[in-house]
Amino acid sequence: MQPRKICVVTGTRAEYGLLYWLMREIENDPTMALQLIVTGTHLESDFGNTVDAIETDGFNINAYVPIELCDDAPTAIARSTGLAVSGIAEAIMDLTPDIVILLGDRFEIMGAAMAATICNKPIAHIHGGEVTEGAIDDAMRHAITKMSSIHFVAADAYRDRVIQMGEHPDTVFTVGAPGLDHLIRTELISKADIEKALDIEAGKPYLLITMHPTTRNNMPDETEIDALLGALGEAQG
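Residues numbered from 1 in each chain as written. Predicted model: local features only at pLDDT ≥ 70, side-chain atom pairs only at ≥ 80, totals over all residues. Heavy atoms only, no water.

### Let's talk about the nonpolar core
So, point 1. The biggest cluster of nonpolar side chains holds 26 residues, and the ones touching the most others in it are Val 9, Ile 37, Ile 88, Ile 92, Val 100 and Leu 102.
So, point 2. For this core, the elements supplying multiple residues, two or more each, are β1 (4-10), β3 (63-65), α3 (74-95), β4 (99-103), α4 (107-118) and α5 (137-147).
So, point 3. Take this core: its biggest share by element is seven residues, from α4.
So, point 4. Ignoring sequence-local partners within four residues, the contact set of Val 9 consists of Glu 15, Leu 19, Ile 37, Thr 39, Ile 88, Val 100, Ile 101, Leu 102, Ile 109 and Ala 112.
So, point 5. Grouped together as the second largest cluster of nonpolar side chains are 20 residues, Val 8, Tyr 16, Ile 26 and Val 51 included. (Core = buried A, V, L, I, M, F, W, Y, C linked by side-chain atoms within 4.5 Å. Buried < 20%, exposed > 50% of the residue type's maximum accessible area, 1.4 Å probe, protein only. Helix = DSSP H or I, 4+ residues; strand = E, 2+ residues; numbered from the N terminus. Contact = heavy atoms within 4.5 Å.)

See below:
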């Protein structure tokens, strides 16, 4: 019996990290054959050519799909999405996978979902049913959900939302967040190494903050960052 061909699409280093251990499990399962399509920022020098990390990790890349990410203007993103649809569709037709695994809500992943749907290949979607206020992510995530056949969600609340969207309960599975596997399976950086790399004085408390732009408005990123820094200043004062 031939192994089932499981095709994973990755477009950024962030979602590659979340998919890493799943890909290892597929790779090590004799009943499955891992196929890997790499696209998006992985193939852009401005974003660090992170495809190098995938190759260094030893994964075999079956298809490279560049989508010419020249800037983040709406017209540029729309063009890149179109390139993702056509390029990934060609890769899927060449690889003939049994199922395509997609994670998240980025535009190149929506392009991959469109490609798989047009090629009549079932999709398994990870991290559906979630909400990201102020971002276009929700619309893309929910669109991918509606194009998918199997849903692996991180929590019961997200499972309920996917079912509310009309997906059959038998196709929606609460499995947790795959990125959490790193907490028990990846050697973590020591606190001392982090303090040295970031030039933080050991022993003093510090706070890590991530800034996610609200893509549903036209406010400049600088304005949002100034507001964040202002709020932090008030909290400190």
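### A look at the packing of α3 against α4
So, point 1. The geometry of α3 relative to α4 is characterised by a closest axis approach of 8 Å and an angle of 40 degrees between their N-to-C directions. By the criterion of interaxial angle, the relationship of α3 to α4 is oblique. α4 is crossed by α3, and the crossing has right-handed handedness. Each of Ile 77, Ser 80, Thr 81, Ala 84, Val 85, Ile 88, Ala 89 and Ile 92 in α3 lies in contact with α4, whose residues at this interface are Phe 107, Glu 108, Gly 111, Ala 112, Met 114, Ala 115, Ala 116 and Ile 118.
So, point 2. Classifying every residue of the contact of α3 with α4 by side-chain character gives 12 nonpolar, three polar and one charged. (Axes fitted to C-alpha atoms, helices over the stretch in contact; angles between N-to-C directions. Parallel < 35°, antiparallel > 145°, perpendicular 65-115°, else oblique. Left-handed = near helix turned anticlockwise from the far one by under 90°. Nonpolar A, V, L, I, M, F, W, Y, C, P; charged D, E, K, R; others polar.)

### Brief notes about the packing of α4 against α5
So, point 1. Look at α4 against α5: their axes get within 10 Å of each other, and the N-to-C directions meet at 20 degrees. With respect to each other, α4 and α5 are oriented roughly parallel. Considering only the axes of α4 and α5, their crossing is left-handed. Contacts from Phe 107, Ile 109, Met 110, Ala 113, Met 114 and Thr 117 in α4 reach Met 140, Ala 143, Ile 144 and Met 147 in α5.
So, point 2. Taken together, the residues of the contact of α4 with α5 sort by class into nine nonpolar, one polar and no charged.

### Focus on the packing of aromatic side chains
So, point 1. One pass over the structure, following the stated rule, counts five aromatic pairs.
So, point 2. Measuring from ring centre to ring centre gives 5.7 Å for Tyr 20 and Phe 59, while their planes differ by 85 degrees; the resulting arrangement is edge-to-face. Taken together, the positions of Tyr 20 in helix α1 (residues 13-28) and Phe 59 in the loop between α2 (51-56) and β3 put the pair 39 residues apart, joining distant regions of the chain. In this structure, Tyr 20 and Phe 59 share a single accessibility class: buried.
So, point 3. Grouped by ring-pair contacts, the aromatic residues Tyr 16, Tyr 20, Trp 21 and Phe 59 constitute a single cluster. (Phe/Tyr/Trp six-rings, centres within 6.5 Å; stacked < 30°, edge-to-face > 60°.)

### Here's the deal with the pairing of strand β6 (residues 150-153)
So, point 1. Side-chain alternation along β6 places His 151 and Val 153 on a buried face and Ile 150 and Phe 152 on a face that remains uncovered.
So, point 2. Relative to β6, strand β5 (residues 123-126) is paired through three bridges, and the arrangement is parallel. In the sheet register, Ala 124 faces β6, and the bridge partner there is Ile 150.
So, point 3. On the question of chirality, the crossover connecting β5 to the parallel β6 by way of α5 is right-handed.
So, point 4. Pairing of β6 with strand β7 (residues 172-174) involves three bridges; the strand directions are parallel. Looking across to β7, one finds that His 151 is bridged to Val 172.
So, point 5. Crossover β6 to β7 through helix α6 (residues 156-164) is right-handed. (Pairing = 2+ DSSP bridges. Right-handed = clockwise from strand over helix to strand, strands pointing away.)

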